[in-house]
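# Chain and residue survey
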Amino acid sequence: MSTTISNGQGALAPRPQRIAARLPWWLTGLVVPALQLALALGVASLVVLLVGESPLATLRVMLTGALDPANGLASTLYYATSLTFTGLAVAVAFHAGLFNIGGEGQAYVAGLGVALACLWLDGRLGAPAMFCVAVVAATAAGAFWAWIPGYLQARRGAHVVVSTIMFNYIAAGLLNYMLVSAIGSGGMGTETRSFAPSAMLPKLHEALAPLGIVLAPSFLNIAMLLALLCAAGVWWLLWRTRLGYALRLLGQSPRAARYAGLSAASLTITAMLISGGLAGLMAVNDVYGAQGRLVLNFTGGMGFLGVAVALMGRNHPAGVLAAALLFGALYQGSTDLQLDFPRISPELILVIQGLVVFFVAALDRLVREPVERGYLAWSNRQRPDA
Amino acid sequence: MEDIWLMVLSTAASAIRLACPLVLAAMGGILAERSGIVDIGLEGKMLAGAFAAATLASQLGSPWLGLVGGMAAGVALSMLHGVATIRYRGDQVVSGMALNFFALGLTMVLGQAWFEQGGQTPALDAAQRFTPIDLPGAETWARQVPVLGDFYRIVLSGHSVLVYAAFVLPALISFVLGHTRFGLRLRAAGEEPNAVDTAGVSVAGVRTLALVATGMLCGAAGAYISTAQNAAFSRDMTAGSGYIALAAVIFGKWRPQPVLGACLLFGLLTALEARLQGQSLPGLGTIPPQVFQVLPYVLTVVLLAGFIGKATPPKALGRPYVKER
Amino acid sequence: MTPLQSADPAFAIELQGITKRFGTVTANDQVDLQVATGSIHGVVGENGAGKSTLMSILYGFYQADEGSIRLHGRAATIRNSADAISQGIGMVHQHFMLVGTLSALDNILLGAEGGWRLGDSRYRARERLRRLMDTYRLQVDLDAQVDDMPVGEQQRLEILKALYRGARVLILDEPTGVLTPQEAGQLFAILRELRDRQVTVIIITHKLQEIMDVTDRVTVMRAGRVVAERRTAETRREELAELMVGRPVLLQVDKHRPSEHAASHAPVLSVRDLGLVDGRGCMRMAHVGFDLHPGEILGVAGVSGNGQTELLRTLAGLLQPTAGSMTLATGNAPRTFTPQRWLDADELRGLGCAHVPEDRLSEAIVKNFSLQESAVLGYQGDHALAPRGWLSPRHLRRRAMQLIDAMDVRPAVPTLRTADMSGGNQQKLVLARELARRPRLLLVGQPTRGVDIGAIERIYRELIKARDAGTAILLVSVELEEIFALSDRIMVMNGGRVTGIVPTAAATVRDIGLLMTADALPQDLTT
């Protein structure tokens with residue numbers, strides 16, 4: 001078979017050359033976030049200076065307090081567990097192209113679900129069974145609370161970002177009402193009665209003590225293992241299943257998803273269900289595993305912090321785990337500040353959190369573009385005819 | 001009968017006072033969003049404004065200086081938002097959220113460190129606050145006039161100057177948007193930034209100016225809360241009203257007069273919550289206070305879902321402007 | 001606008017040696033252009049010929065790498081659109097630069113308000129605009145909201161906007177793409193009015209009829225260069241068509257004669273009276289009908305924008321038609337689809353058909369996915385890929401390697417990011433993917449757009465091979481050489497209608513060129 005082709009091919013449609021994407025993963029996944037983190041901490045240091053304390057000393061206290069096994073490590077892991085759940089929730093939704101800021105509200109409703117289940121069944125079920133029921137209740141409740149905004153986006157075009165913000169506040173009101181009027185234990189009405197000890201699994205330090213491992217007392221409980229499982233599960237879902245492929249496809253290119261015969265509407269709803277379920281599992285860590293009762297505002301802002309964790313971890317489960325650990329350490333460390341630096345309120349964590357999110361996500365290009373351009377220039381000099 | 005009438009009036013007056021910060025912040029939100037920038041950071045700017053205003057008022061002795069300080073704090077946060085979203089084309093939702101956290105934490109940290117009163121700023125005395133103003137004749141001949149006199153005395157008179165300013169504001173914003181060069185360019189930037197660019201006007205410049213105005217208004221809203229409505233700044237004192245203002249912007253479909261109406265409605269809900277606390281209404285029983293708290297959000301969601309009319313945002317809202325070639 | 005003095009030079013615009021490169025692509029190559037003052041000048045060429053780039057340089061969006069510009073005899077630099085406007089150049093873009101929620105008057109004022117109070121600006125502008133509208137017979141309802149205006153009026157508004165800013169040169173980019181024939185006629189009347197008043201008009205277009213109807217001179221561009229300039233009165237559509245698409249076929253591909261297959265077998269695809277009216281009320285396709293038999297390639301030729309894209313996407317299940325029907329006889333029993341119940345992409349594949357979209361980058365592959373993930377796009381539900389329920393990388397890699405082998409995709413690295421592949425290899429991957437299942441019907445658009453020569457050859461070979469194995473192929477392409485090289489029959493579309501279906505062996509480029517500018521066939525012709 002012979003072919004000869006004329007050079008009648010016209011010039012391509014002009015498009016300015018963009019930075020080619022031959023960038024190693026460690027550059028985009030480690031170097032850039034690390035620099036952004038450093039910037040955020042730098043600005044936070046300025047705040048600490050403004051208050052009249054030493055940034056280095058503050059940081060040292062925070063980190064040692066958080067990472068010392070005999071001290072705060074267990075609590076760090078406990079916070080990291082909650083953040084893993086909420087971070088995974090945001091990450092999954094992001095992969096499908098959705099911004100789920102409703103983790104806080106989804107966790108609230110899940111807490112409600114866990115509390116209702118436990119209050120109803122704690123006299124009748126042993127600990128392992130109660131735990132399973134709690135997990136199911138949390139997942140279902142959280143998924144439900146995310147389903148509504150998902151449905152509204154898929155079928156009625158209501159933007160998920162705005163509706164999830166609204167639903168956070170509606171959930172808070174709902175929880176408030178339930179605690180005050182329905183399931184509260186009287187008094188101030190900000191918490192339920194404690195669940196029966198027979199239905200509670202032991203905390204990790206209690207479980208490990210008979211084995212000779214000594215951990216400082218903390219809230220750390222079996223939910224941590226569940227979180228690790230979820231991280232693995234999310235990875236599996238996104239990169240080893242057809243559903244995960246479809247979700248990522250939707251997030252990358254809705255047009256290609258349509259070409260591939262997929263329904264954007266049902267994928268959107270599915271993504272939100274999974275996301276809400278994951279966020280809801282945070283309630284297992286806190287309401288069931290740690291507190292043993294439902295307390296008002298138990299989420300402590302972890303839902304919002306999950307967004308920071310997901311963004312910092314670049315929406316990858318491994319990154320989410322690392323970022324959750326980092327933020328958990330900062331969170332725990334900030335509570336330690338009270339002793340040594342009574343003038344610095346623990347809300348410094350909010351300042352750090354806000355700055356990290358700002359530099360890692362909002363001001364992403366500030367660091368990313370010079371670093372990537374610099375790397376490309378350097379590597380092009382190594383290979384002039386790339 | 002007389003009692004009920006007075007109760008209605010005082011609830012209305014309360015609603016107006018509660019709506020004031022919402023109106024100020026929501027007008028700021030309108031300007032930002034109509035220019036094409038999503039701004040969920042109203043809450044953070046209000047907090048920063050409240051803190052700055054209370055601090056300056058207590059240190060310098062004048063609520064007006066506090067107001068200026070509050071507006072400046074709002075503008076500072078707005079400019080951070082602007083740099084991230086306009087210059088660096090960052091995600092607008094994330095930026096707003098980050099700045100909310102930052103402001104929340106910063107106000108608490110600075111408050112605790114500087115004043116060591118658990119995050120509160122020093123209490124303000126009357127000279128350092130915006131005090132209620134009695135309109136002429138409110139306390140004298142209005143008492144003689146039935147019905148309307150009471151209305152004048154209770155509902156219209158007795159608010160601080162910021163409240164009166166807030167209620168003149170929507171008309172002013174309407175005028176600016178519809179009848180000035182700046183307003184025209186702002187609206188165009190939010191719908192079709194390409195058209196603005198090809199007409200030789202800088203989209204970034206227009207949006208930045210819009211954000212400056214947003215910062216000033218949200219800062220003023222915060223200043224009202226800490227120096228007029230209350231007598232100091234306390235931790236997280238805005239308590240979500242920035243998000244209610246955002247809901248009002250959406251509920252009022254980004255137009256000043258309907259948004260004003262939405263703010264009044266939401267203010268009324270809060271006033272009713274306090275007024276009807278524990279009281280049983282015929283046929284409805286006791287309405288839990290949480291219902292009033294979540295109603296603004298529920299209404300907004302209902303609107304978003306298209307059940308009560310369409311909410312069409314500015315066309316270019318949320319998309320960073322990149323010159324298309 | 002006062003008429004020009006007689007001292008003004010003869011040429012409103014002189015471009016000399018304009019060259020513009022984007023990376024390795026030369027969009028404009030030593031372009032010379034002279035536009036006489038007070039004339040209507042057409043610049044014609046195919047997509048990618050460089051005419052849009054040239055006009056963008058004139059309007060200040062780009063700066064030329066080489067060359068010079070003279071406006072009205074004086075050297076000029078145009079750094080941005082504000083410069084262009086101030087030097088009297090106005091542009092009406094293909095996609096209007098209008099703010100839909102504002103009134104026509106406000107759109108005109110944007111950027112040219114003349115004061116901070118709009119009330120005053122509006123008052124002053126009205127008077128001036130009324131004079132402009134009367135002078136040039138450009139009627140626009142100044143107080144109507146742009147969103148409510150018909151497209152023709154929006155376009156008049158764009159022209160008025162340019163004139164209000166003092167444009168003496170008006171550039172129109174593909175002006176009739178969204179107009180009905182009547183509106184186009186009205187536009188031409190306005191353009192003649194402008195010309196008669198010494199406003200210089202430049203029209204960029206690929207529609208030859210437009211050139212013949214309204215221009216005084218025409219410049220033909222191809223592959224970034226000017227290939228010809230003519231006085232419109234001294235040329236014909238056919239000559240322009242030939243100049244636009246280049247010399248006749250140099251491409252020869254060995255084809256077995258399809259005598260064993262085509263026409264003797266029942267058609268795999270039957271389309272009857274297919275029509276599509278878009279959301280704005282513009283007719284995109286009308287009365288399209290044809291049969292496609294197994295083992296034949298039907299090439300759809302025509303200048304782009306004449307309904308071929310809509311035809312392809314409708315048949316592929318991505319667009320909903322408003323009239324007509326299609327019948328697929330690929331399965332056990334023929335399935336007929338009508339606008340009440342049209343097929344979707346999933347069903348298309350289920351019926352043993354495949355689709356290679358025209359827009360590769362945004363539809364056929366996913367830039368940020370790995371090669372092997374793009375290799376299963378559309379087929380992710382395949383059982384062979386997930387025998388134990390989960391997508392194993394091993395199976396993905398195996399599938400990818402099969403496709404890589406089938407079409408010699410390079411580099412043979414299944415984990416490579418799709419965006420890092422060259423255009424040619426991406427296209428080879430897409431084709432391999434769609435041909436892997438031996439579809440009975442293949443819909444393919446622009447198979448070699450942005451593809452290097454080596455890959456083109458391979459792609460042609462594979463298409464012929466598929467045809468020889470019995471696949472029916474509908475090939476949409478703007479490259480006439482390609483159509484001639486591959487097709488057994490050629491169907492020509494113009495203005496959304498079929499203007500002819502001819503066997504390739506019996507056709508010449510000239511014939512096809514004629515058909516590309518002809519009127520529709522009578523409706524009963526379907527073979």
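Residues numbered from 1 in each chain as written. Chains lettered and ligands numbered in written order. Predicted model: local features only at pLDDT ≥ 70, side-chain atom pairs only at ≥ 80, totals over all residues.

The subject of this paragraph is the overall build of chain B. In terms of regular secondary structure, chain B is built from twelve helices and two strands. When the helices and strands of chain B are listed from N to C terminus, the series reads α-α-α-α-α-α-α-α-α-α-α-β-β-α. Here the C-alpha radius of gyration of chain B, 20 Å, is about what a compact globule of 325 residues would show, namely 20 Å. Once the C-alpha set of chain B is aligned to its principal axes, its extents read approximately 70 × 50 × 40 Å. By sequence separation, contacts in chain B at least 24 residues apart represent 76% of the contacts at least 6 residues apart. (Helix = DSSP H or I, 4+ residues; strand = E, 2+ residues; numbered from the N terminus. Rg over C-alpha atoms; globule rule 2.2 N^0.38 Å. Contact = placed C-beta atoms within 7 Å.)

When its secondary structure is counted, chain A shows 15 helices and one strand. For 386 residues, the compact-globule estimate of 2.2 N^0.38 gives 21 Å, and chain A sits close to it at 24 Å. Structurally, chain A occupies a C-alpha span of about 85 × 55 × 40 Å along its principal axes. Burial status across chain A gives 55% buried among its 386 residues. Restricting to contacts in chain A with at least 6 residues of sequence separation, those with at least 24 account for 76%. (Buried ≥ 20, exposed ≤ 12 C-beta atoms within 10 Å, placed from the backbone.)

Once that is clear, we can look at helix α12 (residues 289-304) of chain B. All names here are of chain B. With 16 residues, α12 extends 24 Å from end C-alpha to end C-alpha; this agrees with the ideal 22 Å at 1.5 Å per step. At Leu295, α12 is deflected by roughly 45°, the largest bend along its length, and proline Pro296 occurs up to four residues later in sequence. Here α12 has its buried residues at Gln290, Phe292, Gln293, Val294, Pro296, Tyr297, Leu299, Thr300, Val301, Leu303 and Leu304. Trailing α12 by a residue or two, Gly306 shows a phi angle of about 85°, which is positive. (Expected span 1.5 Å × (residues − 1). Bend = angle between axes of the 7 residues up to and from the residue.)

Residues Val114(A), Val357(A) and Ala248(B) are the most contacted members of the largest nonpolar core, which totals 392 residues. Leaving out residues up to four positions away in the same chain, Val357(A) has contacts with Val307(A), Ala308(A), Leu311(A), Ala362(A), Val94(B), Met97(B), Ala98(B) and Phe101(B). (Core = buried A, V, L, I, M, F, W, Y, C linked by C-beta atoms within 7 Å.)

Right, let's get into the packing of helix α12 (residues 302-312) of chain A against helix α13 (residues 317-340) of chain A. In helix packing, the relevant descriptors are the interaxial angle and the interaxial distance, both defined with respect to the helix axes. All names here are of chain A. Remark: α12 packs on α13, axes separated minimally by 8 Å, with the N-to-C direction vectors making an angle of 130°. Classified by the interaxial angle, the pair formed by α12 and α13 is oblique. In this structure, α12 crosses over α13, and the sense of that crossing is right-handed. Of α13, the residues touching α12 (which contributes Leu305, Ala308, Val309, Ala310 and Met312) are Val320, Ala323, Ala324 and Phe327. Looking at side-chain class alone, the contact of α12 with α13 contains nine nonpolar, no polar and no charged residues. (Axes fitted to C-alpha atoms, helices over the stretch in contact; angles between N-to-C directions. Parallel < 35°, antiparallel > 145°, perpendicular 65-115°, else oblique. Left-handed = near helix turned anticlockwise from the far one by under 90°. Nonpolar A, V, L, I, M, F, W, Y, C, P; charged D, E, K, R; others polar.)

Residue and element names in this part refer to chain C. As summarised here, the arrangement of the six strands in space is β6-β7-β8-β3-β9-β10, forming an open sheet in which the pairing is mixed. With partners counted over all chains shown, the strands left at the sheet margins are β6 (89-92) and β10 (225-231), one partner each. Ignoring which end each strand starts from, the neighbouring axes of this sheet average 20° apart. Pairing of β6 with strand β7 (residues 169-173), which is carried by four bridges, proceeds in the parallel orientation. When the sheet's bridge partners are listed, Val92 is paired in β7 with Leu172. Contacts between helix α1 (residues 51-58) and the sheet are confined to β3 (40-44), β6, β7, β8 (200-205) and β9 (217-222), with β7 contributing the most and set at about 145° to the helix. (Pairing = 2+ DSSP bridges.)

Below, the discussion takes up the interface of chain B and chain A. With 39 residues of chain B at the interface, the matching set in chain A holds 40 residues. For the side of chain B that touches chain A, the elements supplying multiple residues, two or more each, are α4 (92-115), α10 (241-251) and α12 of chain B. Here the element with the most residues in the side of chain B that touches chain A is α4(B); it accounts for 16 residues. Grouping the amino acids of the side of chain B that touches chain A by side-chain chemistry returns 26 nonpolar, ten polar and three charged.

With that settled, the discussion passes to the sheet that holds strand β2 (residues 25-36) of chain C. What links the strands of a sheet is backbone hydrogen bonding, and the strands pair in either a parallel or an antiparallel sense. All names here are of chain C. In spatial order, the strands read β2-β1-β4-β5; together these four strands make up an open sheet with antiparallel pairing. Two strands close off the open sheet at either side, each with one partner strand: β2 and β5 (74-75). As judged from the eight bridges shared by strand β1 (residues 11-22) and β2, these two strands associate in the antiparallel manner. Bridge pairing in β2 places Lys20 opposite Asn28.

This next bit is on the pairing of strand β21 (residues 497-503) of chain C. Each regular strand carries side chains that alternate between the two faces of the sheet. Residue and element names in this part refer to chain C. In terms of strand pairing, strand β20 (residues 489-494) meets β21 through six bridges, oriented antiparallel. Its bridge partner being in β21, Asn494 is matched across the sheet by Arg497. Between β20 and the antiparallel strand that follows it, β21, lie two residues; Gly495 among them carries a positive phi value of about 60°.

Take unusual backbone geometry next. In the segment running from Arg410(C) into Pro411(C), the intervening peptide bond is cis, with an omega of -5°. Within the element layout of this structure, Pro411(C) appears in the loop between α13 (393-407) and α14 (423-435). One non-glycine residue, Ala239(B), lies in the positive phi region at around 45°. Within the chain, Trp254(B) stands out as a residue other than glycine whose phi angle is a positive 65°. Inspection of the secondary structure assignment puts Trp254(B) in the loop between α10 and α11 (256-275).

Glancing now at the confidence of the model for chain B. A residue-level look at chain B finds 99% of positions with pLDDT of 70 or above and a mean pLDDT of 88. For this predicted complex, the interface score ipTM comes out at 0.86, while the overall pTM is 0.84. (pLDDT = per-residue confidence, 0-100.)

This brings us to helix α6 (residues 161-179) of chain B. Residue and element names in this part refer to chain B. In this model, α6 (19 residues) spans 26 Å end to end at C-alpha, consistent with the 27 Å of a helix rising 1.5 Å per residue. For α6, the principal kink sits at Leu169 and spans about 35°; a proline, Pro170, occurs within the next four residues. Among the residues making up α6, those that are buried are Leu162, Val163, Ala166, Leu169, Pro170 and Ile173.

Here we come to the packing of helix α7 (residues 181-191) of chain B against helix α9 (residues 203-229) of chain B. Residues and elements named next belong to chain B. At a closest axis distance of 9 Å, the pairing of α7 and α9 adopts a crossing angle of 110°. Taken as axis vectors, α7 and α9 run roughly perpendicular relative to one another. Of the residues in α9, those in contact with Phe182, Arg185, Leu186 and Ala189 of α7 are Val203, Val206, Arg207, Leu209 and Ala210. Of the residues contributing to the contact of α7 with α9, the split by class is seven nonpolar, no polar and two charged.

So, about the confidence of the model for chain A. Of all residues in chain A, 92% have pLDDT values of 70 or greater, and the mean over the chain is 84. Below pLDDT 50 for its whole length, residues 1-21 of chain A participates in 52 contacts with residues either more than four positions away or in separate chains.

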